[in-house]
Amino acid sequence: MDRINTKDIKAWNAEYMFHPFADPNAIAKDKPLIIEEGRGALVFDIDGKEYIDGQGGLWNVNAGHGRKEIIEAITAQLNKLQYYSLFGGTTHGPAIELSKLLVDLTAQEGMTQAFFSTGGSEAVESAMKLARQYWKLAGKPERTKFISLHRAYHGVAFGGLSANGTPAFRQAFEPLMPGFFRTETPYVYRNPFTDDPAELAHICATLLDRLIEDQSPNTVAAFIAEPIQGAGGLIVPPAEFWPLVRKVCDKHGILLIADEVVTGFGRTGSMFGSRLWGVAPDIMVFAKGINSGYVPLGATMFNARIEQAFRKAENAWFMHGNTYLAHPLACAAALANLDIVVKEDLAANAASVGGYFLDRLNAMQQRQPHVGDVRGKGLMIGVELVADKKTKAAFTSDDQFGAKVSKRCRDHGVLVRNIYDTFIISPPLILTRAQVDRMVDVMDEALTFQTRAYAKG
Ligand SMILES: Cc1ncc(COP(=O)(O)O)c(C=O)c1O
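Engineer: Explain the nonpolar core to me, please; I cannot follow it from the model alone.
Structural biologist: For soluble globular proteins, the rule of thumb is that nonpolar side chains tend to be buried together. One finds F357 and L361 to be the most contacted residues of the largest nonpolar core, which totals 66 residues. In terms of residue count, the dominant contributor to this core is helix α13 (residues 328-343) (ten residues). Of the domains in this structure, domain 1 (33-63 + 345-456) and domain 2 (69-343) are the two that each give at least three residues to this core. L149, L234, F241 and V262 belong to the second-largest nonpolar core, a separate cluster that totals 34 residues.

Spelled out as structure tokens, the structure:
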């Protein structure tokens with residue numbers, strides 16, 4: 001078949017494809033940008049225009065685009081074996097090697113086993129199923145409930161969806177699963193309690209404790225949370241929060257699940273988000289940065305507590321898994337990607353370039369009347385835009401302020417994601433300071449431009 005030409009590709013854009021997280025009518029009018037190539041922290045559109053990939057694909061391209069080492073590993077694996085099943089007594093080398101590497105990398109957190117899937121949502125479901133079966137094996141089958149945080153994002157399958165803390169992500173699909181409960185997130189910039197981060201951490205941990213008491217601890221399977229909340233608005237908890245959460249979980253014997261789909265593998269400036277807070281969860285959920293998005297992959301890791309419950313029981317089958325879990329190409333990509341992450345110390349680069357990024361954004365906040373808050377760790381940064389800095393009043397949805405600023409950044413060669421007027425900055429972890437400068441200059445100009453337009457009304 002002849003290669004379809006550029007003209008057709010442009011004409012068919014958003015005509016036949018139903019887009020994720022989109023209003024089909026809106027997207028038909030304002031068509032998505034067609035990305036054609038990627039190199040390092042840059043991507044190029046179908047007309048050859050260059051952009052800094054400030055969103056890192058979808059906060060997953062940690063090692064950067066077009067990495068030869070990863071492409072060669074995938075190609076070599078493809079030439080050898082494109083697929084084989086992990087069901088019913090067969091396996092393959094890349095999955096075995098990757099499971100050992102992941103257990104080594106998470107030794108500090110005490111993970112002893114890896115279970116694979118094809119992405120973050122599935123990895124969350126695996127975590128929830130492991131938690132429920134663990135309690136059945138432990139002789140406490142009534143421990144079935146899950147608690148999560150407001151503004152949490154745990155993917156799109158029904159378990160994770162039921163745990164999600166942003167109503168807009170859930171409402172169209174109700175009724176959701178029973179037995180899911182949410183508690184306050186320690187959102188320093190906006191909360192009804194206090195401006196003191198440490199105090200807020202204690203208040204939120206106490207509210208979690210109370211919710212568990214209210215539900216009866218004997219009915220709760222696990223608490224699930226992101227070490228830094230992502231899609232719910234990039235919320236960085238105070239340093240005290242996660243250690244307190246671990247204590248509350250231990251007090252009630254509840255499993256702690258860290259959803260590290262975004263925070264895993266260097267993004268926060270630490271290898272893992274849990275490590276950033278000095279906490280060892282019982283289950284860690286990975287996807288995205290595990291292989292920088294070269295081939296879909298998810299992994300759910302768990303500790304000896306859970307492993308032993310399965311090993312000690314007779315016939316404790318884990319009746320869960322799907323065809324493409326631990327796909328050989330995805331595992332080969334992960335092995336090559338994690339080699340880069342470790343050898344190039346991408347966590348350290350994220351910490352230092354991310355620190356520089358925050359400094360520049362903080363300076364920008366001083367002169368920009370609509371930048372309410374700048375927050376982040378490593379190269380996971382949020383910039384919250386507000387109509388009024390003093391009152392923290394949000395823009396109305398008619399204003400489309402963030403969307404317009406983000407569009408102007410895009411026109412000037414910088415891709416940043418706008419979620420409800422919070423810019424989400426999550427570039428590849430190989431980003432340079434010169435690229436930070438370019439990104440901030442473009443964002444600054446776009447904000448100034450849109451501020452003038454907003455003032456005119
Ligand atoms: C914290 C978290 N968990 C789970 C998911 C779902 O992952 P996926 O989109 O690969 O299914 C995401 C996706 O952004 C995420 O941010």
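Engineer: Please explain the packing of aromatic side chains as it appears in this structure.
Structural biologist: Two aromatic rings, taken as a pair, are described by how far apart their centres are and by the angle between their planes. Tallied over the entire structure, the rule returns 14 aromatic pairs. Between the aromatic rings of Y134 and W135, the centroid separation amounts to 4.8 Å while the plane-to-plane angle is 70°, which identifies the pairing as edge-to-face. The same class applies to Y134 as to W135, namely buried. The ring of W135 carries the charged tip of R143 above its face, separated from the ring centre by 4.4 Å. Directly above the aromatic system of F449 lies the positively charged group of R408, at a separation of 3.6 Å from the ring centroid.

Engineer: Would you take a moment to explain the pattern of salt bridges for this structure?
Structural biologist: Between side chains of opposite charge, a pair can form as their charged atoms come close. For the structure on display, the rule yields 23 salt bridges. In this structure, the salt-bridge partner of E69 is R67, at a minimum N-O distance of 3.1 Å. What makes R67 buried here is its relative accessible area of 13%. What you see here is one network of salt bridges that share partners, running through R190, D373, R375 and E384.

Engineer: Help me understand the side chain of E226 in this model?
Structural biologist: Along the chain, E226 turns up in the loop between β7 (220-225) and α10 (241-252). Nearest to the buried, unbridged E226 among oppositely charged side chains is K288, at 9.6 Å. Of the polar contacts made by the side chain of E226, one reaches the backbone nitrogen of Y153; its length is 2.9 Å. If sequence neighbours within four positions are ignored, E226 has contacts with R151, A152, Y153, H154, A231, W242 and D259.

Engineer: Please explain the packing of helix α6 (residues 120-137) against helix α12 (residues 304-312) as it appears in this structure.
Structural biologist: Any two packed helices are characterised by how steeply their axes cross, that is the angle between the axes, and by the distance between the axes. One way to put it is that α6 packs onto α12 with a least axis distance of 9 Å and a crossing angle of 55°. Between α6 and α12, the interaxial angle falls into the category oblique. Where α6 crosses over α12, the two elements pack in a sense that is left-handed. Listed contacts from α12 to L130, Q133, Y134, W135 and L137 of α6 are R305, I306, A309 and F310.

Engineer: Teacher, can you tell me more about a nonpolar patch on the surface here?
Structural biologist: Together, I4, W12 and Y16 line one region of the surface with nonpolar side chains, adding up to about 350 Å² of accessible area. Inspection of the secondary structure puts I4 in the segment before α1 (6-12).

Engineer: Please clarify how the sheet that holds strand β2 (residues 42-45) should be interpreted in this entry.
Structural biologist: Backbone hydrogen bonds are what pair the strands of a sheet, in a parallel or an antiparallel way. A sheet is described by the order of its strands in space; here four strands give the open sequence β1-β2-β3-β13, paired in mixed fashion. Two strands lie at the open edges of the sheet, namely β1 (35-39) and β13 (414-415), each paired on one side alone. For β1 and β2, the ladder comprises four bridges, and the chain directions are antiparallel. Among the inter-strand pairings, R39 is bridged to a residue of β2, identified as L42. Where helix α16 (residues 433-456) meets the sheet, it contacts β2, β3 (50-53) and β13, and its direction lies at approximately 100° from that of β3.

Engineer: Would you explain the site of the ligand in this entry?
Structural biologist: In the vicinity of the ligand, the contacting residues are W59, G119, G120, S121, Y153, H154, G155, E226, D259, V261, V262 and K288. S121 has a polar side-chain atom sitting 2.6 Å from an oxygen atom of the ligand. One of the side-chain nitrogen or oxygen atoms of K288 is found 3.2 Å away from an oxygen atom of the ligand. Residue composition of the shell around the ligand, grouped by class: four nonpolar, five polar and three charged.

The rules behind the values
- Residues numbered from 1 in each chain as written.
- Predicted model: local features only at pLDDT ≥ 70, side-chain atom pairs only at ≥ 80, totals over all residues.
- Heavy atoms only, no water.
- Core = buried A, V, L, I, M, F, W, Y, C linked by side-chain atoms within 4.5 Å.
- Buried < 20%, exposed > 50% of the residue type's maximum accessible area, 1.4 Å probe, protein only.
- Helix = DSSP H or I, 4+ residues; strand = E, 2+ residues; numbered from the N terminus.
- Domains from an automatic or database assignment.
- Phe/Tyr/Trp six-rings, centres within 6.5 Å; stacked < 30°, edge-to-face > 60°.
- Lys NZ or Arg CZ within 6 Å of the ring centre and 35° of its normal.
- Salt bridge = Lys/Arg side-chain N within 4 Å of Asp/Glu carboxyl O.
- Lys, Arg positive; Asp, Glu negative; His and termini not counted.
- Polar contact = N/O pair within 3.5 Å; in protein donor to acceptor, adjacent residues only side chain to side chain.
- Contact = heavy atoms within 4.5 Å.
- Axes fitted to C-alpha atoms, helices over the stretch in contact; angles between N-to-C directions.
- Parallel < 35°, antiparallel > 145°, perpendicular 65-115°, else oblique.
- Left-handed = near helix turned anticlockwise from the far one by under 90°.
- Patch = residues over 30% accessible without salt bridge, like charges linked within 9 Å, V, L, I, M, F, W, Y side chains within 5 Å.
- Areas by Shrake-Rupley, 256 points an atom, 1.4 Å probe, with all protein chains shown as cover.
- Pairing = 2+ DSSP bridges.
- Near = heavy atom within 4 Å.
- Nonpolar A, V, L, I, M, F, W, Y, C, P; charged D, E, K, R; others polar.

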